2 protein chains.
Amino acid sequence: MKTAPTSADHGEPRWLTDEEQRVWRAYIDATTLLEDHLDRQLQRDAGMPHVYYGLLVMLAEAPDRRLRMTELAMSAKITRSRLSHAVARLEKSGWVRREDCPSDKRGQFAVLTDEGRDVLRRHAPGHVDAVRQAVFDRLTPEQQKSLGEIMRIVAEGLQPSEAGADLPWLR
Amino acid sequence: MKTAPTSADHGEPRWLTDEEQRVWRAYIDATTLLEDHLDRQLQRDAGMPHVYYGLLVMLAEAPDRRLRMTELAMSAKITRSRLSHAVARLEKSGWVRREDCPSDKRGQFAVLTDEGRDVLRRHAPGHVDAVRQAVFDRLTPEQQKSLGEIMRIVAEGLQPSEAGADLPWLR
DNA sequence: TGGTGGAAGTTGAGATTTCAAGTAACAGCC
DNA sequence: GGCTGTTACTTGAAATCTCAACTTCCACCA
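Residues numbered from 1 in each chain as written. Chains lettered and ligands numbered in written order. Predicted model: local features only at pLDDT ≥ 70, side-chain atom pairs only at ≥ 80, totals over all residues. Heavy atoms only, no water.

S.K.: Requested: an account of unusual backbone geometry, with residues and values cited.
M.R.: Unlike most non-glycine residues, A:Lys77 shows phi in positive territory, near 60°. On the secondary structure map, A:Lys77 appears in the loop between helix H3 (69-76) and helix H4 (80-93). In this model, B:Arg65 sits at a positive phi of 55°, which is unusual for a non-glycine residue. Residue position: B:Arg65 is located in the loop between helix H2 (50-61) and strand E1 (66-68). (Helix = DSSP H or I, 4+ residues; strand = E, 2+ residues; numbered from the N terminus.)

Structure follows, in C-alpha cells:
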C-alpha cells in the first residue's frame, strides 16, 4: 500500500505536466519582465527602484506618514535587514527620515519627508501609467478579478503568519 | 472637446480604482513572497538563486545542452550583462562551461556540464515540490488556466519584440 | 530586583544586479 | 582592401540584497 506523499517524500516526484509547465513559464516570464520594466521606469524617472517607491507609498498612506521599521518591512514583504539598508539610502536621498519611538527605545519610525511626498506626487502619474499599460489595460475585468483572487491565494500561502501551517513540529 | 489621452498626457492621470489597487497589491505581495521563497529554498538546498537554477534548466532542455549567450539571455528574460556575470559564477561552481562558437568568433556557447546536470537531478524534486505547494496545489484547474492566460498576455506586452508596438515614433 | 529569552533594528561582508563603457568580430558597401 | 554601422559579449564600478552576527532594550518571572 502506498503512503500519502509528503514534502520529505523520496518517491517519484510529482513533476509538472506540460500544461503546468507552460503556466509556470508564463508566470516567470511575466513577473521577470514586469519587475524589470517597472524598475527601469522608476529608476529613470524617479531615481529609485520599484521596491523603494513602494516603501514611500506605504509611508504616504500611513497615519502621520510614519511607520515602525518592522511594520514597514512586513507590509512590503521584505526582511528588516533589507529595509534597514533601503531606508538608509532613502534617508540619504532626503525622502525619508528616522525618528526614535518614544514608547520603545529599540524602536524606530521611518517618516516620509516633504521631499519624499513631492517626489511621489511628481512620479505617481508616470508609474500608474506604466502599470496600466503593462497590466490593467490588457486584461478584461474578469481577468483582473481572477488575477486578484489567484494572487491573494498565493500570497496567503506564503505569509510568515501562515508559514507555520506547514512547520514540521505542527504535524 | 477632450483629446484622447496618451502616455505623455499631463491631464489628470487615470489612478487605479480601489479594486484595482487591491489586485495590484496582491500581485506585488504574491510575487515578492514567492520569489523570495523560491530563492531561499534553492539557495539553501542547491546553493544558487532561482534565476541561476532557471538558466541550468534551459540549458538542460536545449539541444546538445548548450545555448548561445544571447539566446539564453532572451529565454531567461535577462540582460546579456547579467547573464555574463551569472555564467561566470556558474562556471566557477562547475555547472556550466563556455565554448567558442565555430561559425562566429564573437559568439560563446554556455554548456551544461555533467555536474550541472547532476545538481539539477538532485534538486529538481525539491524545487517542483516547492512550486506545487506554493502555487498549483492551491489553485483550481480553472484558476491555473486563467493564470496562464493572464501571464501570457502580460509577458507578450513586455517582450522586447513587441515593445516597439508602443514606441512614440509609431503613433 | 536580577535574570533570561525574545524582539527591534543595525551592521559588514560577500553575492548579485545594474549601468555605462569597452573590445572584438561580422556584414555590407565603396 | 578599407570604412562604417551593428552585433556579441565582457568588464568594472556602484547599487542593492542576503546572511549571519551583533547591540540594545523590553517583558516576564522567580
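S.K.: Describe the sheet that holds E1(B), listing the residues and the values that go with them.
M.R.: All names here are of chain B. With antiparallel pairing, three strands are arranged side by side in an open sheet as E1-E3-E2. Every other strand in the sheet has two partners, leaving E1 and strand E2 (96-100) as the edge strands with one partner each. Between one strand axis and the next, the sheet turns by 30° as a mean value, whatever way the strands run. Pairing of E2 with strand E3 (residues 108-112) involves five bridges; the strand directions are antiparallel. Counted as the bridge partner of Glu 99 is Phe 109 from E3. Packing of H2 onto the sheet brings it into contact with E1, E2 and E3, and relative to E3 it is tilted by some 95°. Sitting on the sheet, helix H3 (residues 69-76) touches E1, E2 and E3, and the angle it makes with E1 is about 95°. (Pairing = 2+ DSSP bridges. Axes fitted to C-alpha atoms, helices over the stretch in contact; angles between N-to-C directions. Contact = heavy atoms within 4.5 Å.)

S.K.: I'd like to hear about the relation of the copies chain A and chain B, residue by residue, with values.
M.R.: Of the transformation placing chain A onto chain B, the axial shift is 0.0 Å and the rotation is 180°, giving an RMSD of 0.0 Å. Seen this way, the second copy is the image of the first under a two-fold rotation axis. Both copies present the same face, since 100% of the interface residues in chain A are matched by interface residues at the equivalent positions in chain B. (Least-squares fit on C-alpha atoms with pLDDT ≥ 70 in both.)

S.K.: Before we move on, can you summarise the protein's contact with DNA strand C with the specific residues and values?
M.R.: Near DNA strand C you find 24 residues, and of these A:Thr70, A:Ser84, A:Arg98, B:Ser81 and B:Arg82 are the closest. Counting only the atoms of DNA strand C that lie within 4 Å of the protein, the sugar and phosphate share comes to 66%. Within the contact set of DNA strand C, a phosphate oxygen lies 3.0 Å away from a side-chain nitrogen or oxygen of B:Arg89. In the environment of DNA strand C, a phosphate oxygen lies 3.1 Å from a nitrogen or oxygen atom belonging to the backbone of B:Lys105. Where the surface near DNA strand C is concerned, the elements lending two or more residues are helix H1 (18-46), H3 and H4 of chain A together with H2 and helix H4 (80-92) of chain B. (Near = heavy atom within 4 Å. Polar contact = N/O pair within 3.5 Å; in protein donor to acceptor, adjacent residues only side chain to side chain.)

S.K.: Just give me the short version of the protein's contact with DNA strand D, but keep the residues and values in it.
M.R.: The environment of DNA strand D is made up of 23 residues, and the closest members are A:Ser81, B:Thr70, B:Ser84, B:Arg98 and B:Arg106. When the atoms of DNA strand D within 4 Å of the protein are sorted by group, sugar and phosphate make up 68%. At 2.6 Å, a side-chain N or O of A:Arg82 approaches a phosphate oxygen of DNA strand D. Here a base oxygen of DNA strand D sits 2.4 Å away from a polar atom, N or O, in the side chain of B:Arg106. Of all the secondary-structure elements, those providing two or more residues to the surface near DNA strand D are helix H2 (50-61) and H4 of chain A together with helix H1 (18-46), H3 and H4 of chain B. Residue composition of the surface near DNA strand D, by class: four nonpolar, eight polar and 11 charged. (Nonpolar A, V, L, I, M, F, W, Y, C, P; charged D, E, K, R; others polar.)

S.K.: Please provide a residue-by-residue account of the sheet that holds strand E1 (residues 66-68) of chain A, values included.
M.R.: Paired through backbone hydrogen bonds, the strands of a sheet run either parallel or antiparallel to each other. Residues and elements named next belong to chain A. With antiparallel pairing, the three strands of this open sheet are ordered in space as E1-E3-E2. Pairing within the sheet leaves two strands with one partner each, and these edge strands are E1 and strand E2 (96-100). Taken pair by pair, the neighbouring strands of this sheet meet at an average axis angle of 30°, ignoring direction. Against the sheet, H2 touches E1, E2 and strand E3 (108-112), its axis set at about 95° to E3.

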